[in-house]
Amino acid sequence: MDDLADFLRTRRARVDPETAGIPVDSRRRVTGLRREEVAHLSGVSVDYYVRLEQGRARQPSAQVLDALARVLGLDEVERDHLHRLAHRSGRASRPASATRLRPELLRVLELVADAPAFLIDHRMTILAANRLADLLYGRPAQGLNIARHLFLTEEGRKLFAGWDGCTLDTVGHLRLAAGRHPDDPELASLIGELAMRSERFRKLWARADVRTRTHGRKTYNHPLVGPMELHQENFALPDADAELVVMSAAPDTAAHDNLRLLASLGATAEAEPEQLPNEPRAAH
């Protein structure tokens, strides 16, 4: 499948013709804009636009892409994605390399003591995590792929309270990552696995939406302490091709209390001495 052609088709189907100034009557059966309408509004020939959607026209100019972005109502993230898809076919891209974390980054992670924090790569795999992140996910978070956890496990579906919204964000992020890293075999394998095993993923992937998330609210249903509405901040780390994600709770809220309770439960579990196989617990 040609990603540029797929992206153009799905964006065209999304546009309301009346918003674009095209009269609509009851006989119209097309969802969104017709190819010739996009071509006319963008100032390109119908034949050229058809070849773009069929994947037969390569290296369109920046002016043409900007005109298409305007007509299709693309936001800044989608516009950048369109330019990236259009220009990647004519040049060799560098395969994604393994992320190397500087010791200073890991030290910063451990300094975040009162909030779950972790480092994550473009494939949504957690590279390192602090103690509260481990407690939030109920397991050692390092090595966990959040997309796989969200779509393919019952634990992930239960943990994320706004599951539908989380799936939209996740697929949009992976679409964006695929445009930036077209030669990453691990990312391609992950997307293939999710598409084979999750109907929800297949449907969302077919929409070709792209999203980026820098901050926002996320609610967790933790099995030990209950619901926690946390604020997520994503800090880009370009030199590491990773992001630092910190989840905080507002003071004097139930989420703040539950997060402190989770930390105390974790501390209690860590302090409890390990029991030998045949050694009975002391009576209380």
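First things first, this report covers the structure right here in the doc. Small disclaimer: the values here were computed from a predicted structure and weren't measured.

### Side note on the pattern of salt bridges
- Scanning the model with the defined rule gives 21 salt bridges in all.
- Notably, a salt bridge pairs Arg-79 with Asp-66, separated by 3.4 Å at the nearest N-O pair. Linking Arg-79 in helix α5 (residues 76–88) with Asp-66 in helix α4 (residues 62–72), this pair joins segments that are 13 residues apart in sequence.
- Judged by its relative accessible area of 28%, Arg-79 falls in the partly exposed class.
- In this structure, Arg-123 and Asp-184 form a salt bridge, with 2.9 Å as the shortest nitrogen-oxygen distance. Taken together, the residues Arg-123 in the loop between β1 (117–121) and β2 (126–129) and Asp-184 in the loop between α10 (163–180) and α11 (185–197) connect sequence positions 61 residues apart.

### Remarks on empty space enclosed by the protein
- Throughout the structure, instances matching the rule amount to two cavities of 30 Å³ or more.
- Looking at the second largest cavity, its volume works out to about 40 Å³.
- Looking at the second largest cavity, the residues that line it are Leu-168, Val-171, Gly-172, Leu-204, Arg-207 and Asp-209.
- Looking at which element gives the most residues to the lining of the second largest cavity, the answer is α10, with three residues.
- Looking at the lining of the second largest cavity residue by residue, the class counts come to three nonpolar, one polar and two charged.

### Describing the side chain of Asn-130
- Take Asn-130: it is sitting in the loop between β2 and α7 (131–137).
- Accessibility expressed as a relative area gives 2% for Asn-130, which makes it buried.
- Of the polar contacts made by the side chain of Asn-130, one reaches the backbone oxygen of Val-112; its length is 2.8 Å.
- Here Ala-133 takes part through its backbone nitrogen, which lies 2.9 Å from a polar atom of the side chain of Asn-130.

### Some words on the sheet that holds strand β4 (residues 226–237)
- Sheet architecture is open: five strands sit in the order β2-β1-β5-β4-β3, paired in antiparallel fashion. Edge positions in the open sheet fall to β2 and β3 (215–222), since each of these has one partner strand only. Going from strand to strand, the sheet's axes swing by 30° on average, the running direction of each strand aside.
- Relative to β4, β3 runs antiparallel, the two sharing eight bridges.

Conventions adopted
- Residues numbered from 1 in each chain as written.
- Predicted model: local features only at pLDDT ≥ 70, side-chain atom pairs only at ≥ 80, totals over all residues.
- Heavy atoms only, no water.
- Salt bridge = Lys/Arg side-chain N within 4 Å of Asp/Glu carboxyl O.
- Helix = DSSP H or I, 4+ residues; strand = E, 2+ residues; numbered from the N terminus.
- Buried < 20%, exposed > 50% of the residue type's maximum accessible area, 1.4 Å probe, protein only.
- 1 Å grid on protein atoms, 1.4 Å probe; cavity = no way out; pocket = protein on both sides within 12 Å on 5 of 7 lines; lining within 4 Å.
- Points joined across faces, edges and corners; volume = space filled by probe spheres on them.
- Nonpolar A, V, L, I, M, F, W, Y, C, P; charged D, E, K, R; others polar.
- Polar contact = N/O pair within 3.5 Å; in protein donor to acceptor, adjacent residues only side chain to side chain.
- Pairing = 2+ DSSP bridges.
- Axes fitted to C-alpha atoms, helices over the stretch in contact; angles between N-to-C directions.

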